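For reference, the chains in residue letters:
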Amino acid sequence: MVDASRRGFFRGRPRPKAEIRPPWALAETEFTDCCTRCNDCLGACPEHIVVAGDGGFPTVDFTRGACTFCGACVDACKPLALHRVEGQAPWSLKAVIGPACLPHKGVECRVCGDFCDVRAIRFPPRLGGSPLPEVDLELCTGCGACVTPCPTAAIAVRP
């Protein structure tokens, strides 16, 4: 069993940051117990967004691109730390738009909406200023396609 808080303490980080695991990952404790850190899922990801994170465990880096939910990482996972169940959502992640967003500063920008294939980011009209982006949490898959193109890095994907 991996004690993330102990590892963080010795690295000078008392609280470990929450890692985004690949889609269909088991709950964090089960995941770290089951994952052998073989890195097969890293090589299997066609988008190259699954990378080695803290402690060598796989994590998703949305600055490299979006998840297409192809399932290649799941298929490559022999210890079954990633396990797809039919009808189960890949994860509970959603896009969150922070205060650095340009429309919040009065600048017209709709880049995130342009990259959202499911159209979960909308820009309803607003009197007296640029339309502000709104994330439809029902539509958002948490794929991360909106993260990289944002010119101010105002978008994060999290639970």
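Going by the structure above, here's the rest.
Examining unusual backbone geometry
Backbone geometry at W24 places phi at a positive 65°, although glycine is not the residue there. Tracing the backbone shows W24 in the loop between α1 (4-10) and α2 (28-34). Notably, L80 is not glycine yet its phi reads approximately 65°, a positive angle. Along the chain, L80 turns up in the loop between α4 (72-76) and β3 (94-97). By relative accessible area, L80 is classed as partly exposed at 47%.

Let's talk about the nonpolar core
With 35 residues, the main nonpolar core has F62, L82, W91, C146 and I155 as its most contacted residues. Residue assignment for this core shows that the elements contributing at least two residues are α3 (40-44), α4, β3 and β6 (155-158). Residue contacts for I155: discarding those within four places in its chain leaves A95, V96, I97, C112, C146, V147 and C150.

What counts, and at which threshold
- Residues numbered from 1 in each chain as written.
- Predicted model: local features only at pLDDT ≥ 70, side-chain atom pairs only at ≥ 80, totals over all residues.
- Heavy atoms only, no water.
- Helix = DSSP H or I, 4+ residues; strand = E, 2+ residues; numbered from the N terminus.
- Buried < 20%, exposed > 50% of the residue type's maximum accessible area, 1.4 Å probe, protein only.
- Core = buried A, V, L, I, M, F, W, Y, C linked by side-chain atoms within 4.5 Å.
- Contact = heavy atoms within 4.5 Å.

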